[in-house]
Amino acid sequence: MSNQVLSCENVTASYGAIQALHGVNLEVNEGEIVVVLGANGAGKTTTLRAICNMVATEGTVMLNGRDISKADTADIVNAGVAHVPQGRGTFAALTVLENLEVGAYTRTDDEVQSDIEMWFEKYPVLGERRTQAAGSLSGGEQQMLAVARAAMSRPTMMLLDEPSLGLAPLIIEDLFQTFAQLNKEQGTSMLLVEQNANLALEIADRGYLLETGEITGSGSAEELRNDPAVQAAYLGA
Amino acid sequence: MTLLIQRLLDGLFNGSIYAALAVAIAISHRATGRVNLAQGEIGLFGGYLALAMASPAASFVAGAALFSNLPGHPFHLWISTLLAVIVAAVLAVALQRALMRDFDESTPQRALNRSIALLICVSAVISSQWGTRGRIFGELFPSGSNDFVSVFGARLRYTTIGAWVVVIIACGLVTLFLSKTKAGLSFRALTDNRASSVLVGIQPKKLMAIGWGISGALAALAASLAASMSLLDSSLMFRTLIYSLAAVTLGGFDSLRGAVIGGIIVAQAQTLIPGYLGLPTEMSIVAALIVLITVLVFRPWGLFGQRPVERV
Ligand SMILES: Nc1ncnc2c1ncn2[C@@H]1O[C@H](COP(=O)(O)OP(=O)(O)O)[C@@H](O)[C@H]1O
Ligand SMILES: [Mg+2]
């Protein structure tokens, strides 16, 4: 059996009196891309927020064998989790370059600059605009920046919250290519939450179905693609 | 014409004080998202410390004997001011950690209440320790009757020039910290997007304390400069706080440049408006409020602040 990087055991989460997650169980093994499919309001964002302890939660979240259920968010990031929030969450007033530098906040090695150059090569638009405020970028460019910034921390586990939201199909494809490449070249494990099941299932190894705060199904990417219920709900078949 | 220039130049001195305290308020606001109403009093405490260290009788307070073999030998006023600025910074960090660290984004009212309580406490400590009557602070710059340069027949006093040099150096250091250091970068990131900064591993609590420390130092500098021009008295910084709050509101709470320019505008309004309307100088605070309200009506986010974006 492969090494488990992340697991949620019976995780519940609530916003005040409203309970958004009712005991979620999921796991991500080393080097895997795992997708969580769910409709609007299913609790996808809340699941990722619960992992980073950004919302009131109960249950157990384990990262590389360590219980992080009660750890500070900054602490969890330090432990190797990078979270690309829904709506990108770039630093609008900072320059593109500064966004990447601050993404490496937890790092102390001397390869930060070369990593930045690597991203500028991968996404030349970002390189050309390195001194411009991130807020002036287009939606697609901001999403690239958000992903690059998250990767700058050299995470072992990446959480991606609906990265395709509001982007043009070509840009989405490019973005998902980057995920697959990061996963392959750096071995970064990924938990990707999406409504856009087509592309997500293409790069994912496994997946879960989330409905109103509960996991209602799971399987390999292949199994999910062929599941009639999934096809009806998420693949527009 | 000369009278106008003279009034402008006179206003410039107060402008430097308001600018320094306004930048202090803006920095701690950027760090914590809150206005620290005790800012002026923390600075005033620093001003009294500076005076204490510079006075022969009280120099033991600061352990002057460590630096000098003569018991009771006072520090030079400049050295004691610099030491007091450092002590005020440390004190501000300690106060932040002790009183304010448990506040999160959801408790603005409690944070405000606690800063008012802190203002009252520090003020009470100052009054009981040093009394309420004004004390001569001493000259930080030559301020005799001939110490000025002539500008179109008006007098630009050395004190004004010196105060601005000090304030510009201090603001320059803050700007260097913000633009050239890793802590400064994370500080700007925190101001820009608190949720995202936590997600890159920034610890807001650390930066909040640093923010208070920087503003404590700036406030102590402002108090010492103000005291060197008039007298050190227990209500000195309360008056200054009101003008400086007007200045940051004008400039925008997150903009350091805005805070400095706001300080100048408020100080000019304070001298020009009563001067030309023939109001008594006690009414100058009304002038500041007029400027403030005018700006709040037309640009509620300040002259240099970021206009809040409505996200859809
Ligand atoms: N800040 C919040 N306060 C109260 N309820 C919230 C908040 N955020 C999300 N919810 C509720 O929690 C549920 C799950 O939301 P979310 O995790 O954002 O879903 P998804 O990301 O799958 O669209 C929804 O019913 C939503 O209304
Ligand atoms: Mg969501």
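Here, the structure is the one placed above.
Report follows, based on the coordinates. (Residues numbered from 1 in each chain as written. Chains lettered and ligands numbered in written order. Predicted model: local features only at pLDDT ≥ 70, side-chain atom pairs only at ≥ 80, totals over all residues. Heavy atoms only, no water.)

Topic: the pattern of salt bridges
Residue and element names in this part refer to chain A.
Part 1: Scanning the model with the defined rule gives twelve salt bridges over all chains in all.
Part 2: Here Arg130 ties to Glu117 by a salt bridge, and the two come within 3.3 Å at their closest N and O atoms. A residue pair is termed long-range when its members are at least 10 positions apart, and Arg130 in the loop between helix H5 (124–128) and helix H6 (139–151) and Glu117 in helix H4 (residues 112–122) qualify at 13 residues.
Part 3: Given a relative accessible area of 29%, Arg130 falls into the partly exposed group.
Part 4: Linking Glu222 and Arg225 is a salt bridge whose minimum nitrogen-to-oxygen distance equals 3.4 Å. Here the residue Glu222 and the residue Arg225 both occupy positions in helix H9 (residues 221–226), the gap between them amounting to three residues, near one helical turn. (Salt bridge = Lys/Arg side-chain N within 4 Å of Asp/Glu carboxyl O. Helix = DSSP H or I, 4+ residues; strand = E, 2+ residues; numbered from the N terminus. Buried < 20%, exposed > 50% of the residue type's maximum accessible area, 1.4 Å probe, protein only.)

Digging into the interface of chain B and chain A
Part 1: Contacts between the two partners involve 15 residues from chain B, matched on the other side by 21 residues from chain A.
Part 2: Counting each side, the surface lost to burial between chain B and chain A is near 1,700 Å², with a carbon and sulfur contribution of 65%.
Part 3: Here chain B and chain A share one salt bridge between them.
Part 4: Put simply, Arg188 of chain B and Glu98 of chain A hold a salt bridge, and the shortest N to O gap is 3.0 Å.
Part 5: There are six residue pairs in polar contact (both at pLDDT 80 or more) connecting chain B and chain A.
Part 6: Elements that contribute at least two residues to the side of chain B that touches chain A include exactly helix H6 (182–192) and helix H7 (194–199) of chain B.
Part 7: Residue contributions to the side of chain B that touches chain A peak at six residues, all from H6 of chain B. (Contact = heavy atoms within 4.5 Å. Buried area = accessible area lost by both parts, 1.4 Å probe. Polar contact = N/O pair within 3.5 Å; in protein donor to acceptor, adjacent residues only side chain to side chain.)

Quick word on the coordination of the magnesium ion (ligand 2)
Residue and element names in this part refer to chain A.
Part 1: Note on the magnesium ion (ligand 2): its protein donors are Thr45 (OG1) and Gln86 (OE1). The metal-donor distances range over 2.0 Å. Remark: Gln86 occurs in the loop between strand S6 (81–84) and helix H3 (96–103) and Thr45 occurs in helix H1 (residues 44–51); sequence separation between them is 41 residues.
Part 2: Taking the relative accessible area as the measure of exposure, Gln86 reaches 37% and is therefore partly exposed. (Donors = N, O, S within 2.8 Å, 3.2 Å for Na, K, Ca; no water.)

Re a nonpolar patch on the surface
All names here are of chain B.
Part 1: Residues Val149, Tyr158, Ile161, Val165, Ile169, Leu173 and Leu176 make up a contiguous nonpolar surface patch of roughly 590 Å² in combined accessible area.
Part 2: Looking at which element gives the most residues to the nonpolar patch, the answer is helix H5 (residues 158–180), with six residues.
Part 3: Here Ile161 is to be found in helix H5. (Patch = residues over 30% accessible without salt bridge, like charges linked within 9 Å, V, L, I, M, F, W, Y side chains within 5 Å. Areas by Shrake-Rupley, 256 points an atom, 1.4 Å probe, with all protein chains shown as cover.)

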